[in-house]
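# Examination of the molecular architecture
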Amino acid sequence: MPGETPAPASTAAPEAVAAFLGDKESMAVVRECFRQLENAEPYVGSGSITTAIDALAKTPSPRILLVDISGIADPLAQVHRLADVCDPSTAVVVVGDRNDVVLYRNMKDLGIVEYLFKPLTLDLTLRACRACRADPGAAASAVDGRKGKLVTIIGVRGGAGSTTVAVNMASYFATQLSRDVALLDLDLVGGDAALQLDVAASDGLHEALAHPDRIDELFVTRAAIKVGPKLHLFAATEPLGDTKILDDQAIMKLLGYLQQRHRYVFVDAPVTAGIHLDRLIAVSGTIVLVAEPSLIAAREIGRWQDKIATLRPAANICRILNKAGEPGGLSTSDFAAASGHPVTLTIPADAEILRGANSGIPAITDSAALRRALGPLIRDLTGEIDSEPRSLLSRMLGK
Ligand SMILES: Nc1ncnc2c1ncn2[C@@H]1O[C@H](COP(=O)(O)OP(=O)(O)OP(=O)(O)O)[C@@H](O)[C@H]1O
Ligand SMILES: [Mg+2]
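My aim in this report is to walk through the structure given alongside it, one point at a time. (Residues numbered from 1 in each chain as written. Chains lettered and ligands numbered in written order. Predicted model: local features only at pLDDT ≥ 70, side-chain atom pairs only at ≥ 80, totals over all residues.)

Right, let's get into the site of ligand 1. Among the 19 residues in the neighbourhood of ligand 1, the closest are listed as Gly155, Gly158, Thr163, Thr164 and Ala357. Looking at the shell around ligand 1, the elements that each hand over two or more residues are helix 7 (162-176), strand 12 (316-324) and helix 15 (351-359). Looking at side-chain class alone, the shell around ligand 1 contains seven nonpolar, eight polar and four charged residues. (Near = placed C-beta within 6 Å. Helix = DSSP H or I, 4+ residues; strand = E, 2+ residues; numbered from the N terminus. Nonpolar A, V, L, I, M, F, W, Y, C, P; charged D, E, K, R; others polar.)

Quick look at the structure:
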């Protein structure tokens, strides 16, 4: 545009900004908007919100995303699908062809920063994009509305298989479903999530939990061990015998950051590592209890169920009977009877699962049996099935 000053040079790394729009006029306005936006690495493509969903399932999420809903029959459902594939930290601006105040309000409720209707003007588009970055209120509403789902996995007894479940779930969501995932191994001394994923643990997690005042976005980014493009692991190997109680305030602060950045946060929460799990349980949307088919594990899973029902009545609890069919183990019905609660899903005792843990390649990559066994939990977390009807908003909130 004549008279416009180009964006000033900046030393910060450019941020990805992307748009998927259905008409040439809108694309031209957004292209110019991105040109004037400071420190941006732009992409403007032809398409709609559904093109964006397909693209983001396979690529990293941009910081700002503009999507076109013109001509889309079910825009709110598509916004919900979009939220499932892009990072919670992405600020989304929706572009449409209807000046519809009800639609606008519904979009805002789902955590959308702004709804713009066509024809787009450079001024309003630029203002919306700058609001995505500058206005903490806009950012907070996007984050609050779309923070990552927190799934806490608890092995009710040592060796029950909580790390196996956590590693395989995290790996499946990151590699097969292309979701942005963080996996936090809270067993800082004897944890083996890193081993099961064939990567080295780092000092970052210890540093973060020992100095919670230093936790910020950059600190958390540095503490992450990148297992793959979409899988970020937080794990440590503390000296043997270092059994100090972890500061659950530090854990909560770290989780707050992880939920802002990642669509799914899986926590491997060992019962034996001196961690007070109450606060973690109180903020988890889904709690997975893992037990082996023994009488003592049945008793423990019953006790955990009761405890969680008190701490977090709204939690979605998944009770896994792992190593089912193990010689000498209880049958599923005897286990359920002894624990006083039905089993949500069973995972068979399987040499392939054991091999996966020892080879550094999660068994779920090759084991159809494990994929089938974990299927109900996977579908529940992706929203493919629901035990009870929930509003779009509550689903976006991960509740
Ligand atoms: N379904 C299964 N079939 C065969 N082996 C399994 C199965 N699930 C887990 N295992 C094996 O059992 C062992 C314990 O599993 P895992 O480390 O996941 O348990 P955990 O609950 O995390 O234990 P810890 O209390 O040590 O943290 C591992 O060797 C793992 O490979
Ligand atoms: Mg473990």
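A few words on unusual backbone geometry. Lys118 connects to Pro119 through a cis peptide bond whose omega is 0 degrees. Looking at the element boundaries, Pro119 is found in the loop between strand 5 (114-117) and helix 5 (122-134). One non-glycine residue with positive phi stands out, namely Lys323, at about 60 degrees. With respect to the helices and strands, the residue Lys323 is situated in strand 12. Owing to 24 C-beta atoms within 10 Å, Lys323 belongs among the buried residues under this scheme. (Buried ≥ 20, exposed ≤ 12 C-beta atoms within 10 Å, placed from the backbone.)

Our focus in this paragraph is the sheet that holds strand 7 (residues 181-185). The eight strands lie next to each other as 8-9-7-10-6-11-12-13, forming an open sheet whose pairing is mixed. Taken across any chain shown, the strands that pair with only one partner, and hence form the sheet edges, are strand 8 (225-228) and strand 13 (345-348). Geometrically, the sheet is characterised by an average inter-axis angle of 20 degrees between neighbouring strands, direction not taken into account. Pairing between strand 7 and strand 10 (residues 264-268): five bridges, direction parallel. Bridging from a neighbouring strand, Asp185 pairs with Asp268 of strand 10. Against the sheet, helix 16 (residues 368-382) makes contact with strand 6 (149-155), strand 11 (286-291), strand 12 and strand 13, and its axis sits at roughly 155 degrees relative to strand 13, the strand it touches most. (Pairing = 2+ DSSP bridges. Axes fitted to C-alpha atoms, helices over the stretch in contact; angles between N-to-C directions. Contact = placed C-beta atoms within 7 Å.)

Strand 11 sits mainly inside the fold: six of its six residues count as buried. The two faces of strand 11 match: Thr286, Val288 and Val290 on one face and Ile287, Leu289 and Ala291 on the other face are all buried. Two elements, strand 11 and strand 12, share six bridges in a ladder whose sense is parallel. Bridging across to strand 12, Ile287 finds its partner in Ile317. Traced from strand 11 through helix 13 (residues 295-311) to strand 12, the parallel crossover comes out right-handed. (Right-handed = clockwise from strand over helix to strand, strands pointing away.)

The subject of this paragraph is the environment of Ala298. Mapped onto the fold, Ala298 is located in helix 13. Ala298 sits 39 residues away from Ala337 along the chain, and the two C-alpha atoms are 8.6 Å apart. With residues up to four places along the chain from it excluded, the contact list for Ala298 reads Ala291, Leu330, Phe335, Ala338 and Ser339.

Glancing now at the sheet that holds strand 2 (residues 40-46). Strands belonging to one sheet form pairs held by backbone hydrogen bonds; the direction of such a pair is parallel or antiparallel. In space, the five strands of this open sheet follow the order 2-1-3-4-5, with parallel pairing throughout. Either end of the sheet is taken by a strand with one partner, and the two such strands are strand 2 and strand 5. Averaged over neighbouring strand pairs, the angle between their axes works out to 15 degrees when direction is ignored. The pairing of strand 1 (residues 15-21) with strand 2 spans seven bridges and is parallel. Directly across from Phe20, in strand 2, lies its bridge partner Gly45. Docked against the sheet, helix 2 (residues 49-56) engages strand 1, strand 2 and strand 3 (64-68), running at close to 135 degrees with respect to strand 3.

The subject of this paragraph is the packing of helix 13 against helix 14 (residues 332-339). Two elements in contact, helix 13 and helix 14, have axes separated by 8 Å at closest approach and are oriented at 50 degrees. Here helix 13 is positioned oblique relative to helix 14, judged by the angle of their axes. Seen from above, helix 13 lies across helix 14 with right-handed handedness. On the side of helix 13, the interface is formed by Leu295, Ala298, Arg299, Ile301 and Gly302, while helix 14 contributes Phe335, Ala338 and Ser339. A breakdown of the residues in the contact of helix 13 with helix 14 according to their chemical character gives five nonpolar, two polar and one charged. (Parallel < 35°, antiparallel > 145°, perpendicular 65-115°, else oblique. Left-handed = near helix turned anticlockwise from the far one by under 90°.)

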